[in-house]
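One letter stands for each residue in the lines below.
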Amino acid sequence: MYFLTILLFSYFHVSQQIQNATADGREIPSNPILTLVQGTLEVMLNQNVSLSCHSASGSPPLKYTLFKASQMVSILNKTDLMPALFNLTINSASDVGEYKCKVENEIHGGKYSRSLNFTLKEPLSKPVLSSPISQAKKGQNATLSCLSEKGHLPITYTFFKGKQSISQVKMKKKEAAVTFVLINSCSDLGTYKCRAENNFRNTTKYSNSFNFTLAEESCDSQPWIIFLGLILLAFVIGFALAIRFFIIPSCKAGKFRSASSTGLTSTDKVEESENYVTYAEIKPIQKQECAVFSVSRREDETEKRESPTIYSQVVIRDDIQGKISFLINLRIFKEYFNLQMLRLTMSAES
């Protein structure tokens, strides 16, 4: 009952003030309307905008005040009922946000308009792709984050592995877009990138590259181990073929000729003096030929002492047939080695 009495008293008191004000020819201003005269609500840096604040009724002089959030920006005093115009320049990101205006006169303390919200339309900066880890285990879910520090919202982020798109995230806040990558094998350790884009002049920005490594084993070393193993195997096979088809036949033929020449020398009945030495014909030694020397001494019967007479012979063999066989087998081995390398390359790419 007491509350109702106070409410009625306040109502009659306000009504009486309104009647007195009207009787004096003064009006309370109505709620002003804030409108955009020049520019758009999506603004760029260093862009100029104009705002109009107008109260349809109210006795002048009228005082118009423009606010950004709760901070006063500008004040205009009007002696008529014409709208108040406020000119602004968007110099930085701090100049965008919610704006509203207030009107007041000597009768009423002030009434506020509805707000207008400005957003900054800026180009994208290059996004940064990162992950909390650089090494992953098999079966692990690795996290990738992509963020552009600058650029008006919303921003659409697309994640790539190589040239293949793996996910797309649309962000309406200045936060990093996140995706997860399952590391199952070495093929999942490729190059990852992300792309950021918004509706500012259809600009698109790509991030840096990011690569994971496998914590358990090195996938890149396996092809090299196989390659080195094949080279070692080729060397062993080549050496074995050279011994089989070239060195052994050459040496056998040389020993046979040496034995024949030695027999003829031992049956020679020619008497030589103490200082007389006979040399067999020596042919020029060619590359990859086997030379066998045979030396024999005989005792001088007359003086019963060793004679310095020395018989030597150089046997040289040029086994053409053995060289041809070696070249044929070497060609077969080369074709086999190239085939194995081709298979290894195709396996590594797959």
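See the structure shown above.
Reading the values: the criteria
- Residues numbered from 1 in each chain as written.
- Predicted model: local features only at pLDDT ≥ 70, side-chain atom pairs only at ≥ 80, totals over all residues.
- Heavy atoms only, no water.
- Buried < 20%, exposed > 50% of the residue type's maximum accessible area, 1.4 Å probe, protein only.
- Helix = DSSP H or I, 4+ residues; strand = E, 2+ residues; numbered from the N terminus.
- Pairing = 2+ DSSP bridges.
- Axes fitted to C-alpha atoms, helices over the stretch in contact; angles between N-to-C directions.
- Core = buried A, V, L, I, M, F, W, Y, C linked by side-chain atoms within 4.5 Å.
- Contact = heavy atoms within 4.5 Å.

Caption draft 1: Main features of the pairing of strand E13 (residues 155–161). With six of seven residues buried, E13 is to be regarded as a mostly interior element. Pairing of E13 with strand E14 (residues 164–171) involves seven bridges; the strand directions are antiparallel. Among the inter-strand pairings, Thr 158 is bridged to a residue of E14, identified as Gln 168. Note: E13 against strand E16 (residues 191–197), six bridges, orientation antiparallel. Directly across from Phe 160, in E16, lies its bridge partner Lys 193.

Caption draft 2: Structural view of the sheet that holds strand E12 (residues 140–147). Strand order in the open sheet formed by three strands is E10-E12-E15, and the pairing between neighbours is antiparallel. Lying at the two open borders of the sheet, with one neighbouring strand each, are strand E10 (128–130) and strand E15 (177–183). Neighbour to neighbour, the strand axes of the sheet diverge by 20° on average, direction disregarded.

Caption draft 3: Spotlight on the nonpolar core. Membership of the largest hydrophobic core comes to 20 residues, with the highest contact counts inside it found for Leu 129, Leu 144, Tyr 157, Phe 159, Ile 183 and Phe 212. Breaking this core down by element, the ones donating at least two residues are E12, E13, E15 and E16. Core analysis: the second largest hydrophobic core is formed by 19 residues, Leu 62, Tyr 64, Ile 90 and Leu 120 among them.

Caption draft 4: Inspection of the sheet that holds strand E6 (residues 84–90) at higher detail. The sheet built from three strands is open, its strands ordered E1-E3-E6 with antiparallel pairing. Because the sheet does not close on itself, it has two edges, and the strands there are strand E1 (33–38) and E6. If you compare each strand with its neighbour and ignore which way they point, the axes differ by 30° on average. When E1 meets strand E3 (residues 47–54), the two strands line up antiparallel, connected through five bridges. Considered in E3, the bridge of Ile 33 is made with His 54.

Caption draft 5: Quick look at the side chain of Ser 52. With respect to the helices and strands, Ser 52 occurs in strand E3. Setting aside residues no more than four positions away along its own chain, Ser 52 makes contact with Ile 33, Leu 34, Thr 35, Val 37, Pro 83, Ala 84 and Leu 85.

Caption draft 6: How the structure looks around unusual backbone geometry. Residue Pro 61 is bonded to the preceding Pro 60 through a cis peptide linkage, with omega at 0°. If you trace the backbone, Pro 61 turns up in the loop between E3 and strand E4 (62–68). The step from Leu 153 to Pro 154 runs through a cis peptide bond, and the omega angle for that step is -5°. For Pro 154, the position within the fold is in the loop between E12 and E13. Unlike most non-glycine residues, Asn 46 shows phi in positive territory, near 65°. Note that Asn 46 resides in the loop between strand E2 (42–43) and E3. Judged by its relative accessible area of 59%, Asn 46 is exposed. Unlike most non-glycine residues, Ala 69 shows phi in positive territory, near 60°. One can find Ala 69 in the loop between E4 and strand E5 (71–78).

Everything listed here is a matter of coordinates, which is why it stays silent on function.
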